[in-house]
Structure formats: C-alpha cells, structure tokens
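An overview of the molecular structure
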Amino acid sequence: MNSTETAGAVATSAQQKLIASLPPDFRWGVATAAYQIEGAVAEDGRTPSIWDTFCEVPWAIDNNDTGDVACDHYHRMPDDIALVKELEADTYRFSVAWPRIQPGGRGPVNPAGMAFYDKLVDELLEKDIAPWLTLYHWDLPQQLEDAGGWPARDTAYRFADYAMLVFDKLNDRVRHWTTLNEPWCSAMHGYVHGVMAPGKRDFAAGMAAVHHLLLGHGLATARMREAAPHDTEFGITLNMGTADPATDSAHDRDAARSADGLGVRIYLDPLVHGQYPADVVEDLAARGVKLPVEDGDLKIISAPLDFLGVNYYFGQQYSGVGEDGRTEDDQGLPAQRTVPFGKPTTAMGWEILPGKFTELLTRLGRDYPGLPMVITENGSAFDDLADESGFVRDEDRAAYLASHIAAVAAARLAGADIRGYFAWSLLDNFEWAYGYAKRFGLIRVDYETQQRTIKQSGYFYRDTVRRVRGS
Ligand code: IFM
C-alpha cells in the first residue's frame, strides 16, 4: 500500500498540530511481551511459568487458547525486528522470560535461554534500534508460585537475583531497564480477581503481592544500579487511568478516591515519596488487611528512578452507591462500582478517552515532579477484517493512535515531562485471558500461517514518526 497519505487522513487538523509540537528527538517505540509472542514454551530449557499453568485451566482463557506457539517469535525474531525497522521505530520494548533465564526461578543462568535475548539485543543494535528491556511481564516461574508466589516475601529476593543474571549479561548493550510491567495486574488480576495467572481470589494475598512486587523492584534496582555503566537508566512501568467521581456526592467522591488509591498512589507514593498513602492504609485496615512492610523496605522501594513507564488505556468514573441504592456492599464495606461515560469503546469494551490521557499525564507530572515519563504502552483492539492479501484497513486503530498521540503532545505542552511513546503492540498476540480473539497489533498475524502484514495503522504510525522527526 502506498500509505503516506494515511497520516493526514485519520488525524484531525487539531491533532496534527498537536502532534507536530513533539520534538524531533522524541522517542518512538513499539512494544511486546515475551509470553504474548514467543511461543517455544518448552525449548532450550525453559520451564513452565504461571501462565503455562493457568492456560491449562479449562476456560480460564477464551477458546482455551495458550501461549504455546503464539506468534512463534522465538523462531522468527530477526524477521520481526526487520518489521520494527520497517515501521521506523527507534526503540523496541520487549520482556525477558524469567523461566528461560533461570528455570524454576532459582539457581544459575540457563545459557541457552539467555542466548535468545543476547541475539535479540545484537539484532536490534545492528539495526540501530534501542532495546528497552522489561525484566518481568507476568511470567513468574511456576516453582516460585508453588513456594508462595508474590504474596511471599522471598519472591522479591528471587526476582533481584534473576534481574542480576540478565543485567550481568546485557548491561554492556542495554541502556534502559524496566523492572516490572503493571504490578497492579500481577497483584489484582492475579491474586484478587482471579482472572489472570495464578488465578487466586484473596484480597490480603493481593495486597501482600503489591508490597513484595515493589520490594522486588527496589532490591533489583539497587543491585543493578551499583553494577551499572554510568549512562544506564532504570524505571518501572505502571498501568494507570483516571478515577473520576460519577457525581459530586460524598459517596462518589470517596469511591473515586479509593480507586485512585489502589490504582495509582499505592504504587507511586512509596516509589517516589517513600511512604504508602495514609488513606489507603486506612481503607486496608477497615478490611482487616495490613501491608507486610518491614523496617527499611520503604527506603529500598524508593530508590531513585530515572523514568516512569506509563501504560494508559482508559479512565473510569466511580460511584459509591450500588445499583441497588446501597452505600455498603455485602461485607459492610463502602460500595464501589464503575459508571460508563457513554463514549465509544474498543473491542475490549474500554471507553476511548484521549482527554483523560492528557489529564492523567498532567496530574502525574504535578504530583510526582522531577520524574521523566515514557508512554511504554498505549493502543487498541478492534475487530479487524483482513482482505485476501492479509491487509487490514483499520482506520479505527489509526484514529485511536492519532487522538492519543495528540493527547500526549497536549500534556507535554501543559508541562508534563514526557520523553517517548511506544505503541502497543508491534504484533497481534496472545491477549492473556482473551487469547487470540483480541488484536492490538500494528501488524496483523495470521495465526494459521504466521504471515505478518503491516496494517494501515502501522503505516500511519510510521508516517507520524517520519513527520515529527522531519525525516
Ligand atoms: O496486552 C496487554 C499487555 O500485556 C499489558 N498491558 C495491557 C495490554 C492490553 O491489554
């Protein structure tokens, strides 16, 4: 497709103007995660992670899909990196699979597993693409889950050991290191809601997981920084949205406050300010839960960060009054439910709210100043229709990109220190509990043939990058 004209076609002139305000050295990336694309789950010494186990639970995943093959990236890596280059991204965000590096989660490095990432980094550098490495994107070795998982304190120490194995091997070539991706999902979806691996439903365990994930982040960051070349940067990626009260009533305002507490502040306050927010601690106490903080933990967790990775998909409105009009739930706790804004949604059912993205970023800049931000994920799933050649004319996804990149530019103009934007995702991939049904890629994957085809949104992204760079 000759698609250079698509850049203007889907972006409004106001959006184009905002996007044009981004600086020529703005970082442009595409993102993936190991379990979502690699496949090869039993190769070269990899042992099962909690996701391999969760995928075996009947109907835990739509269509009983698994990550066994996924996009077969493990065997197609050089071709996929050539596609990153074709999109003209300057940065590739990927994650390392812990059970490849340290089967079982303890002990020495597995050289065959490490060799894959070693080659990946070389492949990227050869193509002049910066590697942006995430150490943990949810694939905890199953043996560590069997020993207690993230609710157990020891897992934090195991994570720091694993981080050092990867760091020792790759720190000569990788400048950007992210410890965790979206600890909210690991803790809440994994241990409270039960919809992601390991599929537990225990609020107290989820809160212990929050603390131990943060502790693991801090322990790993301190050890890596001590051993790091001077120009190495360390950060963490959080998924965050906005939490608005549905009305101005006291109940709704309190519901929004508590959602923001568990969604944003329980992570960023200890990371940046070295303490958990008092209102969150009180909310937890009302549920009989105490974070398992030991002396010195908060100092470890608040180790300096070089960047904050922000993953944004949507914002939400909250009400403190249930559908039944009650302000308490069955456990006597304050009622809390989400109330849609009534805006169009993506195929995930997530409302499309670019204005809330700008609000979130300006708020983060205000409440946590001095911390440069990078958008490490943003993107959308739509029900793609491919033509016989595999091409997808996804104006919906391109329009989503246009409005959200413009929203980032608006936040920058309002003073937020944002250094880059990484689209989620390079490829259609295994969308966790939704299996392969939801497609987020800028590139279509035909799972029967593993054929890759750049979508219209991929060309839109490339053209946007070109324009901003002035290339
Ligand atoms: O696919 C996920 C990714 O792994 C983490 N952030 C959200 C994406 C879309 O759901």
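For clarity, every value in this text was computed on a predicted model and none was experimentally measured. For every chain, the first residue of the written sequence is number 1, and numbering continues from 1 onward in sequence order. Note on the predicted model: pLDDT of at least 70 is required for a residue's local features to be given, and 80 or more for side-chain atom pairs to be given and counted; whole-chain, interface and lining totals, by contrast, use all residues. Just so you know, side-chain values use all the structure's heavy atoms and leave hydrogens and water out.

1. Regarding the overall build of the chain
Note the threshold: Runs of H or I in DSSP of at least four residues are treated as helices and runs of E of at least two as strands, each being numbered from the N terminus. Atoms counted for the radius of gyration: C-alpha only. Globule rule: 2.2 Å times residue count to the power 0.38. Buried means the residue's accessible area, taken with a 1.4 Å probe over protein chains only, is under 20% of the maximum for its type, while exposed means over 50%, and partly exposed covers the values in between. Pairs of residues are marked as contacts when any of their non-hydrogen atoms sit within 4.5 Å. Each accessible area is a Shrake-Rupley result for a 1.4 Å probe, and residues are judged covered by the shown protein chains and nothing else. His is not counted here, nor are the chain ends, while Lys and Arg score as positive and Asp and Glu score as negative. Lys charges are placed at NZ, Arg charges at CZ, Asp charges at CG and Glu charges at CD.
When you go through the chain residue by residue, the secondary structure sums to 17 helices and 13 strands. Taken over C-alpha atoms, the radius of gyration comes to 21 Å for the chain, in line with the 23 Å a tight globule of 471 residues would show. When each of the 471 residues of the chain is scored for burial, the buried share is 59%. Sequence separation of 24 or more characterises 77% of the internal contacts of the chain that already satisfy a separation of 6 or more. Total accessible area on the chain stands at roughly 17900 Å², and carbon and sulfur atoms take up 50% of it. Side-chain charges in the chain split into 44 positive and 68 negative, and the spacing between the mean points of these groups amounts to 3 Å.

2. Considerations on the site of the ligand
Here is the rule we go by: The rule for a residue being near a molecule or strand is that one of its heavy atoms must lie within 4 Å of it. N or O atoms within 3.5 Å of each other form a polar contact, as long as, within protein, one can give a hydrogen and the other can take it, and as long as residues adjacent in sequence are counted only when both atoms are side-chain atoms. Note on residue categories: nonpolar means Ala, Val, Leu, Ile, Met, Phe, Trp, Tyr, Cys or Pro, charged means Asp, Glu, Lys or Arg, and polar means any other residue, Gly included.
Around the ligand, the surrounding shell consists of Gln36, His137, Trp138, Asn181, Glu182, Tyr313, Trp350, Glu377, Trp424, Glu431, Trp432 and Phe440. In the model, an oxygen atom of the ligand is placed 2.8 Å from a nitrogen or oxygen of the His137 side chain. Here the ligand has 280 Å² of accessible area as a free molecule, and 95% of this is covered by the chains. The class makeup of the residues in the shell around the ligand is six nonpolar, three polar and three charged.

3. Overview of the sheet that holds strand 6 (residues 243–245)
Note the cut-off: Pairing between strands is defined by DSSP: at least two bridges between them are needed. Lines fitted to the C-alpha atoms define the axes, with helices restricted to the stretch that makes contact. Angles between their N-to-C directions range from 0 to 180 degrees.
In spatial order, the strands read 6-8-9; together these three strands make up an open sheet with mixed pairing. Each edge of the sheet is formed by a strand with only one pairing partner; in this case those strands are strand 6 and strand 9 (337–338). Sheet analysis places strand 8 (residues 316–319) next to strand 9, joined by two bridges and oriented antiparallel. Its bridge partner lying in strand 9, Ser319 is registered against Arg337. Relative to strand 6, helix 12 (residues 250–273) is tilted by about 170 degrees, and along the sheet it contacts strand 6 and strand 8.

4. Considering the packing of helix 7 (residues 111–126) against helix 9 (residues 154–170)
Heads up, the rule is: Roughly parallel means an angle under 35 degrees; roughly antiparallel means over 145; roughly perpendicular covers 65 to 115; every other angle is labelled oblique. Crossings are classed by handedness, with left-handed meaning an anticlockwise turn of the near helix from the far one by less than a right angle and right-handed meaning a clockwise turn.
Taken N-terminus to C-terminus, the directions of helix 7 and helix 9 make an angle of 45 degrees; their axes are 11 Å apart at the nearest point. Between helix 7 and helix 9, the crossing angle belongs to the class labelled oblique. You can see that helix 7 and helix 9 cross each other, and the crossing is right-handed. Taken together, the residues of helix 9 that come into contact with helix 7 (itself represented by Met114, Tyr117, Asp118 and Val121) are Leu165, Val166, Lys169 and Leu170.

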